[in-house]
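Residue-level structural notes
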Amino acid sequence: MNHLLTSSDLSCNEILTILEDAKDFQDRKEWKPDRQMFVANLFFEPSTRTKCSFEVAERKLGLSIIPFETNTSSVVKGETLYDTVKTLESIGVNAIVIRHEKESYYDELVGKINIPIINGGDGCGHHPTQSLLDLFTIQQQFGTFKGLKVAIIGDIKHSRVARSNADTLIRLGAEVVFSGPENWFDKEVVKDCSYEPIDHAVATSDVVMLLRIQHERHGDDGTFTVENYHHKYGLTVEREKNMKPTSIIMHPAPVNRNVEIADELVECEKSRIFKQMENGVYIRMAVLKRALEIKGGWLQNDHQKRK
Ligand code: CP
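Named according to an unreviewed UniProt entry, the protein chain is Aspartate carbamoyltransferase originating from Pseudoneobacillus rhizosphaerae. In its Subunit (unreviewed entry) section, the UniProt record describing the protein chain reads: "Heterododecamer (2C3:3R2) of six catalytic PyrB chains organized as two trimers (C3), and six regulatory PyrI chains organized as three dimers (R2)." Looking at the protein chain in UniProt, the text filed under Pathway (unreviewed entry) is "Pyrimidine metabolism; UMP biosynthesis via de novo pathway; (S)-dihydroorotate from bicarbonate: step 2/3."

Here it is in structure tokens:
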């Protein structure tokens, strides 16, 4: 079953194949399934980029999208995640994208659901398609991961993006360092990475990746005001001037302008923030292709029905 639940589900070769497929889609090469296929996007947490770019990707691939909104579904009557997904499988959905606030929500589905599950983000856990689109953006810029230094800066502790990117970048040969508030640096989240003070990290890295402060995950503990966070840990206009000439700025977005990054830097020459969003469509096309490619002659859902 071609689930995509965490980035560590993918070998380096599988990652590189997805990046190649994404490049093909960017170059307008076509892949479409040879029969009607249905997908459903279940977003139990808010999303703009992931949800909308999955929908664009699905339409580009000619997939039929089953509209699903949690607040008009039987979820509001108390139906469980498992029963919801099993229902969609039973009525013929071929793949499902899920974002959920519960970390590792997929543990209760794997082994019992016979269609591919693509994780669109689970709590503070993982966000594999964000990591893949970040890798694609870095590869576009530098052509390689080996020897690059990537600084991930900000709310490491609550970031599924930090966890997924640390895993993939290190396996592909990059050096990953973290910066931001030291009490938000969590060695459990990001193994094999060191901490660097922000000014050093910004001045010496090829990729400066900023993370949003995840207020919804830890509430305001009163530690920072917007101004003093930006001054102490944000990418200020002054810090940007010390970046290497060839380095780039990334952020998974949504961006808190003038907190993690100065407003005027969001669309500056070094910024790849909107390029990341564009790349999200190609990556999600590649991930859907991987999920839906026929294995052993039958699509998984068709195979189940023939039993
Ligand atoms: N980067 C990202 O996951 O954005 P959304 O929450 O808008 O999907």
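Okay, back to it.
Digging into helix α2 (residues 49-60)
With 12 residues, α2 should cover 16 Å at 1.5 Å per step; its first-to-last C-alpha distance of 16 Å lies within 8% of that length. As for α2, its buried residues are in contact with β1 (38-43), β2 (64-66), β3 (95-100), β4 (117-122), α4 (128-142) and α10 (273-292). Directly after α2, the chain includes Gly 62, whose backbone phi takes a positive value near 75°.

Quick look at the domain arrangement of the protein chain
Taken domain by domain, the protein chain consists of domain 1 (7-126 + 278-306) and domain 2 (128-274). Taken residue by residue, the interface counts 24 residues in domain 1 and 21 residues in domain 2. Within the residue set of the side of domain 1 that touches domain 2, elements represented by two or more residues are α1 (12-26), α2, β4 and α10. Sorting elements by how many residues they give to the side of domain 1 that touches domain 2 places α10 first, with seven residues. Looking at the side of domain 1 that touches domain 2, its residues break down into nine nonpolar, 11 polar and four charged.

Points about the sheet that holds strand β6 (residues 175-179)
Pairing is parallel across the open sheet formed by five strands, whose spatial order is β7-β6-β5-β8-β9. Unpaired on one side and paired on the other, β7 (194-195) and β9 (248-250) mark the two borders of the sheet. Pairing geometry for strand β8 (residues 207-210) and β9, over three bridges, is parallel. By the bridge assignment, Val 207 is partnered in β9 with Ile 248.

Brief notes about the sheet that holds β3
Pairing within the open sheet is parallel, and its four strands lie in the order β2-β1-β3-β4. Looking at strand neighbours, the two that pair on one side only are β2 and β4, the edges of this open sheet. Within this sheet the neighbouring strands show an average axis-to-axis angle of 20°, counted without direction. As judged from the four bridges shared by β3 and β4, these two strands associate in the parallel manner. Residue pairing in the sheet places Val 97 in a bridge with Ile 118 of β4.

Comments concerning the packing of α2 against α10
Contact geometry for α2 and α10: axes closest at 8 Å, N-to-C directions at 55°. With respect to α10, the axis of α2 lies oblique. Our pair here, α2 against α10, has a crossing hand that is right-handed. On the side of α2, the interface is formed by Arg 49, Ser 53, Phe 54, Val 56, Ala 57, Glu 58 and Lys 60, while α10 contributes Met 277, Gly 280, Val 281, Arg 284, Met 285 and Leu 288. Its residues assigned to classes, the contact of α2 with α10 shows seven nonpolar, two polar and four charged.

What counts and how
Residues numbered from 1 in each chain as written. Predicted model: local features only at pLDDT ≥ 70, side-chain atom pairs only at ≥ 80, totals over all residues. UniProt positions renumbered as here; feature names shortened; annotations may be inferred. Helix = DSSP H or I, 4+ residues; strand = E, 2+ residues; numbered from the N terminus. Expected span 1.5 Å × (residues − 1). Contact = placed C-beta atoms within 7 Å. Domains from an automatic or database assignment. Nonpolar A, V, L, I, M, F, W, Y, C, P; charged D, E, K, R; others polar. Pairing = 2+ DSSP bridges. Axes fitted to C-alpha atoms, helices over the stretch in contact; angles between N-to-C directions. Parallel < 35°, antiparallel > 145°, perpendicular 65-115°, else oblique. Left-handed = near helix turned anticlockwise from the far one by under 90°.

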